[in-house]
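In case you want the letters, here they are:
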Amino acid sequence: MKITYVKNRLRAALDEASPVMAQTSLDRAEAMLAEMGDDCRKRLDELLAMFPAGLSGDADAMRLQVRSVYDTARRMVGVGTVAGLPEIDVVARSLCDAADGLLLRDRLEWERCGFISRR
Amino acid sequence: MSASKAPKVLLNLQKTAVLLADSDTMGQSIVVQMLVGFGARNIVRCDEADEVRRLIKNQTFDLIIIDPASFGDEGYDLLTSLRRDQASPNKHSPVLVVTGHTEQSRVGQLRDAGANFIVSRPLSAAVLLDRILWMSREKRPYVETNHYVGPDRRWRDAALPLGQTGRRQKDKEVAARIAAGGEMNQADIDLVMNAPVDTAATA
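Quick notes on the rules
In this convention, every chain numbers its residues from 1, walking through the sequence in written order. As they are written, the chains are lettered A onward and the ligands numbered 1 onward, keeping that order. For this predicted model, a pLDDT threshold of at least 70 governs which residues receive local features, and a threshold of 80 or more governs which side-chain atom pairs are given and counted, while totals over whole chains, interfaces and linings are taken from all residues. Buried means a residue has 20 or more other C-beta atoms within 10 Å of its own C-beta, exposed means 12 or fewer, and partly exposed covers the counts in between; C-beta atoms are placed from the backbone. Elements are defined by DSSP. Helices are runs of H or I of four residues or more, strands are runs of E of two residues or more, and each kind is numbered from the N terminus. Only when DSSP finds a minimum of two bridges between them are two strands counted as paired. Orient the strands so they point away from the viewer; a crossover is then right-handed if the path from the first strand over the helix to the second runs clockwise. All axes are obtained by fitting lines to C-alpha atoms, using only the stretch in contact for helices, and the reported angles, taken between N-to-C directions, cover 0 to 180 degrees.

### Thoughts on the pairing of strand S3 (residues 63–66) of chain B
Along any regular strand the residues' side chains alternate between the sheet's two faces.
All names here are of chain B.
Part 1: Taking every second residue as pointing to the same face, both faces of S3 are buried, with Leu 63 and Ile 65 on one and Ile 64 and Ile 66 on the other.
Part 2: Bridging between S3 and strand S4 (residues 95–99) involves three bridges; their strand directions are parallel. Bridged to Ile 65 within S4 is Leu 96.
Part 3: What joins S3 to S4 is helix H3 (residues 73–84), and the crossover it makes is right-handed.

### Some details on the sheet that holds strand S6 (residues 142–144) of chain B
Part 1: Read across the open sheet, the three strands follow the order S1(A)-S6(B)-S7(B); overall the sheet is antiparallel. In this open sheet, the two edge strands, each paired with only one partner strand, are strand S1 (2–4) of chain A together with strand S7 (149–151) of chain B. Averaged over all pairs of adjacent strands, the angle between strand axes in this sheet comes to 20 degrees, irrespective of strand direction.
Part 2: Two elements, S6 of chain B and S7 of chain B, share three bridges in a ladder whose sense is antiparallel. Each bridged residue has a counterpart across the sheet, and for Val 143 of chain B the counterpart in S7 of chain B is Gly 150 of chain B.

### A few points about unusual backbone geometry
Glycine aside, negative phi is the norm for most residues, and most peptide bonds take the trans geometry.
Part 1: A cis amide bond links Arg 121 of chain B to the next residue, Pro 122 of chain B, at an omega of 5 degrees.
Part 2: Along the chain, the position of Pro 122 of chain B falls in the loop between strand S5 (117–120) and helix H5 (125–136).
Part 3: The phi torsion at Asp 106 of chain A lies on the positive side, around 55 degrees, for a residue other than glycine.
Part 4: Looking at where Asp 106 of chain A falls in the secondary structure, it is placed in the loop between helix H6 (86–104) and helix H7 (110–118).

From the geometry alone we can't say anything about function, so treat these as descriptive.
Right, dumping it as structure tokens:
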């Protein structure tokens, strides 16, 4: 095993900048996030429209559709909170868990995903 | 130290070169807003795995924020190769993984990829700021073994940064013993004395 002690590059970069109170930075960041609310809500509508109503085709096609549900739900996580709809993040994570679980076990029961989508 | 608990903590990313790698543009934009709020001016945004690979080979970054899941299979390889590539200028750069969800089959791969921190979405500005501050105070060495390359993960016995409330059983035991007026044993003293002190970061 090789152990290397290195200078913390991030620390060095922070030390080079003029000091700003972290609270000021935080307030600024939160104000900028608040401006993104409308864009995030639009993005959520786009993503919601991408969910299929059910699965169709052969097993391979259905597997791809569940994969697509997983990817779409994963992209929603985090957007809901900025849009002012934090419940969406909870639902999207739950959908990710369900779709991932189905793919991992190679099961294609849409009802489990559909139930979360409907709720 | 959390910014909310220590209002005198300083943070300005003005001179920090940041690589933000996320194939989802909205996910990217949310993090960019936070980073700009923290003063960052030099943010390289990247939404393609090949481009990320090229950038980490040719450019030095002070902070790398990546959502490996957004790049599919390639995303995890990106992280591993970043740490394993001897010629990479970012071999020892701080890496923060931000992820909305990690597939069960990928959890082990992500754990062993060599990130300094992994945070899950939804990501608040306060959490991102805390993690950046935490990484800026890290003194962990980098280890290289056949199976793992990255920051030393053996930090179970290291004290938490000042101001953090411990969640480990050991932290709770020490706090309870002190609250009850009991004496600290040598292990407790070691735990407290190991606390990182970074006066430069506080006003």
